[in-house]
Amino acid sequence: MILDLIQNSFDGLAMGSAYALLAVGFTLVFGVLRRVNLSYGPAIMVGCYAATWMSVAFHSNMLFLLGITVLGSVIAGAYVERLCFAPHRQGSAIAAMVASFALWMQFEEAVTLVMPKHLYDFPPMFERGPLAFGPLLLRPEALVMLACAIVICAVLQFLLTRSQFGLAVRAVIDAPVAAQLAGINVPRVLLLVFLLASAVGGLAGWLIVSTYTQVTPMLGMWSTLKGLLAMMIGGLGSLRGAIVGGVALGLVEAHSQWFLGPQARDLIAYLLLFVLLAWRPRWMTIQSAS
Amino acid sequence: MSALLEIRDLVTAYGKIEALKGVNLEVQQGSITCLLGPNGAGKTTLMMTAAGILQPRSGSIRFAGAEIAGRPPHAIVAGGIALVPENRLVFPNMTVLDNLHAGAYQRKDDFASDIERLFIRFPRLKERSTQLAGTLSGGEQQMLAVARALMSRPKLLLMDEPSLGLAPLVVEEIFRIIVQLHGDGVSIFLVEQNAHMALKVAQHFYLMEQGKVTFSGTPGALAEDEVIRRAYLGSAKA
């Protein structure tokens, strides 16, 4: 029982760090633009499909596939930004969200046209199986997920608080008109934030598909849902909240899957969100992204 | 003296409603020029259009000979215009120092000495340099907004109602700073409700009513009570 708890907690922590990365990407866009990008997950899916296509055609190595996944996600993300978000900067948030839903459908149709099978194999991150530590099993993928989450969060924290780009991002979040008056090219900052978010999302996508070793068109919806869920649990709009939300989601899922069965896993996760939304603790108010 | 800023037939509209209905005015190099007028006359709209935040529907804005109407705000800042906006608009969740750094966003050269000099001019900002700007008093925020605008080393400083909502002593301080900046060679285009103070410092003033310039002259050209009446209430025929 205790061993199960420890094992589940570790598995949940690893999956949770992938969720945290998904939520961090979501939060960057939401924190700066105050817009929900439903196409966030589908853009990641496009990146994963690009890498899958490469691996089917050329049997490329895993780091190259990571690069392709991130690049594909960034290009798809740029396409979303130009079509859905750049034109609606002053306009309605709903218009941008609905437009991003349209691109979601477009992405799903596009990948199924190019790669029509329902499921493709994705090369595993590591060929070897889990490492045994006494009675506990540690998957090396889990350690990589954890390490990636920690490194990316540290890099983002540094970027936002110490760099010139971070200064611009914080200024845009704080007072967009004043940022323009200070000479900051606000549309360019928004595009860069979007690309950065897509790159973080692409990394999360690669971590997930190379752990599960398969890709389906459902990955888009799955990523958007997990990212949104983790972001909302963590309290909308702060990076720290996104990380906490992601890890909490991973832990809740791992434990409920083990103790209540796989059918209960998502049920419990949504129940958690429902309870939090109904209860609305203080930290769930919208915060700034820094 | 030559015209640093030259605005011709400028029209800016919100949807179908024209806030500026063909504005003509000039700001001379090295002057303090003041724009007076009642609420809703279009003064802030004119400032926001000159700074590039609002897009004009037609007309021309020439700055130092170059057309800038419709250009994006960051390009206008790069050209040498900085706006101290109405209600200050500092970055409330950033420190005073970060606010100043944001003001220098486009500068590639070292601006540490600028901050030193601004801290001498605004000692209160130095005392509070690590405080969040949102925690400053109204007057301190106004100083910060001016200091932030100066960080871009503008040739022309646009100021939109810098005395709004401030205590009389702070208003005097603000106007003292305006005169100092003018002495340093910055041209200033000032929107004011406080006609009495504005007429003391300005070399030239314009009266704006309902989206049009209705009077232009030097501070002695119109009796002050007449100016104040029209600046607050608009002309009788309106």
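For the structure itself, look to the data block above.
The paragraphs below set out a description of the structure included in this document. (Residues numbered from 1 in each chain as written. Chains lettered and ligands numbered in written order. Predicted model: local features only at pLDDT ≥ 70, side-chain atom pairs only at ≥ 80, totals over all residues. Heavy atoms only, no water.)

Turning our eyes to something else, we now look at the packing of aromatic side chains. Two descriptors summarise a pair of aromatic rings, namely the distance from one centre to the other and the angle between the planes of the rings. All names here are of chain A. The full count for this structure, using the stated rule, is eight aromatic pairs over all chains. Between Tyr 19 and Trp 222, the aromatic rings sit 5.9 Å apart at their centres with planes inclined by 55 degrees, giving tilted as the arrangement. Of this pair, Tyr 19 sits in helix 1 (residues 2-33) while Trp 222 sits in helix 9 (residues 219-233); the two residues are 203 residues apart in sequence, bridging distant segments of the chain. Among the residues examined, Tyr 19 registers a relative accessible area of 0% and is labelled buried. Ring geometry for Tyr 49 versus Tyr 120: centroids 6.3 Å apart, planes at 75 degrees, classification edge-to-face. (Phe/Tyr/Trp six-rings, centres within 6.5 Å; stacked < 30°, edge-to-face > 60°. Helix = DSSP H or I, 4+ residues; strand = E, 2+ residues; numbered from the N terminus. Buried < 20%, exposed > 50% of the residue type's maximum accessible area, 1.4 Å probe, protein only.)

Right, let's talk about the side chain of Thr 211 of chain A for a bit. All names here are of chain A. Note that Thr 211 resides in helix 8 (residues 186-212). Judged by relative accessible area, which is 10%, Thr 211 ranks as buried. Thr 211 has contacts with Met 125, Arg 139, Glu 141 and Met 145, leaving out every residue within four places of it along the chain. (Contact = heavy atoms within 4.5 Å.)

A few words now on the sheet that holds strand 1 (residues 3-14) of chain B. Residue and element names in this part refer to chain B. Taken together, four strands build an open sheet; the order of strands is 2-1-4-5 and the sheet is antiparallel. A strand with exactly one partner marks an edge of an open sheet, and here the two such strands are strand 2 (17-28) and strand 5 (66-67). Strand direction decides the pairing type here: strand 1 and strand 4 (residues 58-63), joined by five bridges, are antiparallel. Across the sheet, Arg 8 pairs through a bridge with Ser 60, a residue of strand 4. (Pairing = 2+ DSSP bridges.)

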